[in-house]
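Structural description and commentary
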Amino acid sequence: MKQNYKMIISYDGSRYFGWEHQPNTDLTIQGKLEQVLTKMLYGADYQASDFASFPVTVIGAGRTDAGVHARAMTANVLLDTDKTEDEIRDYMNQYLPDDISINELKICGERFHSRFKASGKTYRYTCWYSSQKPVFERKYVTVLDRHPDLDAMNQAAQFLIGEHDFRSFCGNPKMKKSTVRKIDHIEITENGPYIRFYYHGTGFLQNMVRILTGTLLEVGYGKRTPESMKDILEAKNRTAAGYTAEPGGLCLMKVDYD
């Protein structure tokens, strides 16, 4: 009998083409997970017709972009197996690449859906400003060539708090669904060479956190005023906002459920 399993997953997204599986490559997080679970259920000889047609479907709480990381992505999957929770977790960790880890795996309610049931997400974007190079963390930070004004950026962030139409911060120009989202917390901190942006909201559009970060950095560099955030929101046009920050500095930290 099939049961629903909830997973908490960490991954280094540096070499992957994002979360969602694609027909022409096996270098996606979802694809790797489905490939290993298919091997567990059907044996090593099972051959999928392409990289998006495995008989097992892993549902993620979100679709992180190429190069983006996660410390605690939540996912769920329906499995018919006699293996225990620990045996499934250990099997997956044995055969998954070293840059993907199943941290937790538990049976959950049959109605649990990692994406539809999510009530909030926390993302962190990390920048580095120093005379030294981030040799051992270069894949996980964005190096800045000058120091931004954190007070101005935090002031600008306050205009983004609340429920707004974030179409100006959406990287998909063909988006037909609603672009209204609610952000309830943005905090920008500095600790040594690290400048970190924390975002918490009910959900985020494609590239939204990276565009928000690029726009706030432009405020920090004096290219925009904090008050300009109001005009950007009202424009509902991607060209009104700033640049899209690089993917390597972005990490999904947590997914909330009521």
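As a starting point, this report considers the structure included with it. Note that the structure is predicted; figures quoted are calculated from it, not measured.

**Brief notes about the nonpolar core**
One finds Ile9, Leu33, Met92, Phe169 and Phe197 to be the most contacted residues of the largest nonpolar core, which totals 65 residues. The biggest single contributor to this core is helix α4 (residues 208-220), with 7 residues. Once you skip the residues sitting within four places of it in the chain, methionine 92 turns out to touch Met7, Leu33, Val36, Leu37, Ile102 and Leu105.

**A short note on the packing of aromatic side chains**
Within the structure shown, the criterion is met by 6 aromatic pairs. A cation over an aromatic ring shows up here: arginine 146 above the ring of tyrosine 221, its NZ or CZ 4.1 Å from the ring centre. Sitting over the face of the ring of tyrosine 194, arginine 196 holds its NZ or CZ atom 4.4 Å from the ring centroid.

**Focus: the packing of helix α1 (residues 29-42) against helix α2 (residues 85-95)**
Between α1 and α2, whose axes approach to 10 Å, the crossing angle comes to 120 degrees. Comparing their axes, α2 and α1 come out oblique. Crossing angle aside, the handedness with which α1 passes α2 is right-handed. Counting all contacts with α1, which are made through Leu33, Val36, Leu37, Lys39 and Met40, the residues of α2 involved are Ile88, Tyr91, Met92 and Tyr95. Taken together, the residues of the contact of α1 with α2 break down into 8 nonpolar, no polar and 1 charged.

**A short note on the layout of surface pockets**
Looking at the largest pocket, its volume works out to about 950 Å³. Every residue lining the largest pocket is counted, 32 residues in all, and those nearest its centre are Gly62, Arg63, Phe204, Leu205 and Gln206. Of all the elements in the fold, those that place two or more residues in the lining of the largest pocket are β5 (118-128) and α4.

The rules behind these values
Residues numbered from 1 in each chain as written. Predicted model: local features only at pLDDT ≥ 70, side-chain atom pairs only at ≥ 80, totals over all residues. Heavy atoms only, no water. Core = buried A, V, L, I, M, F, W, Y, C linked by side-chain atoms within 4.5 Å. Buried < 20%, exposed > 50% of the residue type's maximum accessible area, 1.4 Å probe, protein only. Helix = DSSP H or I, 4+ residues; strand = E, 2+ residues; numbered from the N terminus. Contact = heavy atoms within 4.5 Å. Phe/Tyr/Trp six-rings, centres within 6.5 Å; stacked < 30°, edge-to-face > 60°. Lys NZ or Arg CZ within 6 Å of the ring centre and 35° of its normal. Axes fitted to C-alpha atoms, helices over the stretch in contact; angles between N-to-C directions. Parallel < 35°, antiparallel > 145°, perpendicular 65-115°, else oblique. Left-handed = near helix turned anticlockwise from the far one by under 90°. Nonpolar A, V, L, I, M, F, W, Y, C, P; charged D, E, K, R; others polar. 1 Å grid on protein atoms, 1.4 Å probe; cavity = no way out; pocket = protein on both sides within 12 Å on 5 of 7 lines; lining within 4 Å. Points joined across faces, edges and corners; volume = space filled by probe spheres on them.

Interpretation note: all reported values are geometric properties and have no functional meaning in isolation.
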